[in-house]
Amino acid sequence: MKPAIELLDESHGIIAARGQVYGDNLDTMDRTARLRSAMFGFPETSHKVAIDYVLGKLARIAKTQGPGNRDSYLDAICYLAIAYAAAVDESDNKHVNPS
């Protein structure tokens, strides 16, 4: 179980560090959702954006099938945590970006 705990601990640091570099994670997801809404002409949410990022990481993990792609596991964990935060935020605010 030690590798799992280490991965979770490291993911916490990554979320915090990336937030300092790029700004609030939910703001980034929201900006991306607004851009997608404008580009594709349908409402998009921060939660869906984060889930899309998780799916991309899972696709990479499925392709490599091993512990060698540790970074993809870390990113997937981080994006899943951000997706949860976005879901909570959207539930609290009942917010969906307009198209």
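Criteria and cut-off values
Sequence order as written defines the numbering, with residues in each chain counted from 1. Whole-chain, interface and lining totals are the exception, using all residues; otherwise, since this is a predicted model, local features are given only for residues with pLDDT of at least 70 and side-chain atom pairs are given and counted only at 80 or more. Hydrogens and waters are ignored; side-chain quantities use all the structure's heavy atoms. Only the six-membered ring of Trp is used, alongside the rings of Phe and Tyr, when aromatic pairs are assigned; centres must lie within 6.5 Å, and planes under 30 degrees apart are stacked while those over 60 apart are edge-to-face, with the rest tilted. Comment: elements are numbered from the N terminus, with helices defined as DSSP H or I runs of at least four residues and strands as E runs of at least two. Each residue is placed in one exposure class: buried if its accessible area under a 1.4 Å probe, protein chains only, is under 20% of its type's maximum, exposed if it is over 50%, and partly exposed if it falls in between. Nonpolar side chains (Val, Leu, Ile, Met, Phe, Trp, Tyr) within 5 Å and like charges within 9 Å form the patches, drawn only from residues with over 30% relative accessible area and no salt bridge. In short, Shrake-Rupley with a 1.4 Å probe defines the accessible areas, and a residue's cover is counted only from the protein chains shown. In the sections that follow, a salt bridge refers to a side-chain nitrogen of Lys or Arg positioned within 4 Å of a carboxyl oxygen of Asp or Glu. To estimate how far a helix should extend, the number of its residues minus one is multiplied by 1.5 Å. The contact definition used throughout considers only heavy atoms, calling two residues in contact when any of these lie within 4.5 Å. Among the buried residues, those of types Ala, Val, Leu, Ile, Met, Phe, Trp, Tyr and Cys that are joined through side-chain atoms within 4.5 Å form a nonpolar core.

Describing the packing of aromatic side chains
Enumeration according to the criterion identifies 2 aromatic pairs in this entry. Ring plane angle 15° and centroid distance 6.0 Å describe the contact between Phe40 and Phe42, whose orientation is recorded as stacked. Both rings, one in Tyr53 and one in Tyr79, keep their centres 4.9 Å apart while their planes meet at 70°; by these two values the pair is edge-to-face. Here Tyr53 is found in helix H3 (residues 46-64), whereas its partner Tyr79 is found in helix H4 (residues 70-93), with 26 residues between them in sequence. Overall, the relative accessible area of 23% leaves Tyr79 in the partly exposed class.

Looking at a nonpolar patch on the surface
Together, Met1, Ile5 and Leu8 make up a nonpolar patch on the protein surface, roughly 350 Å² of accessible area in all. Tracing the backbone through its elements, the reader meets Leu8 in helix H1 (residues 2-22). Given the relative accessible area of 46%, Leu8 is considered partly exposed.

Details of H4
With 24 residues, H4 should cover 34 Å at 1.5 Å per step; its first-to-last C-alpha distance of 35 Å lies within 8% of that length. What H4 keeps buried is the set Ser72, Leu74, Asp75, Ala76, Cys78, Ile82, Ala83, Ala86 and Glu90. Those residues of H4 that are buried are in contact with H1, helix H2 (25-40) and H3.

A short note on the nonpolar core
Membership of the largest hydrophobic core is limited to 6 residues, which are Met29, Ala33, Val49, Ala50, Ile82 and Ala83. Elements with a minimum of two residues in this core: H2, H3 and H4.

A short note on the environment of Val49
Relative to the assigned elements, Val49 resides in helix H3. Classification of Val49 as buried rests on a relative accessible area of 0%. Each C-alpha atom of the pair Val49 and Ile82 lies 9.9 Å from the other, and the pair is 33 residues apart in sequence.

A few points about the pattern of salt bridges
Going through the model one piece at a time under the given rule, you end up with 7 salt bridges. Note that Arg18 and Asp75 form a salt bridge whose closest N and O atoms lie 3.7 Å from each other. Highlighted residues: Arg18 in helix H1 and Asp75 in helix H4, separated in sequence by 57 residues. Its relative accessible area of 37% is what places Arg18 among the partly exposed residues. Put simply, Arg34 and Asp30 hold a salt bridge, and the shortest N to O gap is 3.0 Å. One end of the pair, Arg34, and the other, Asp30, are both in helix H2, 4 residues apart, so they sit about a helical turn from each other. Exposure remark for Asp30: the relative accessible area of 17% places this residue in the buried category.

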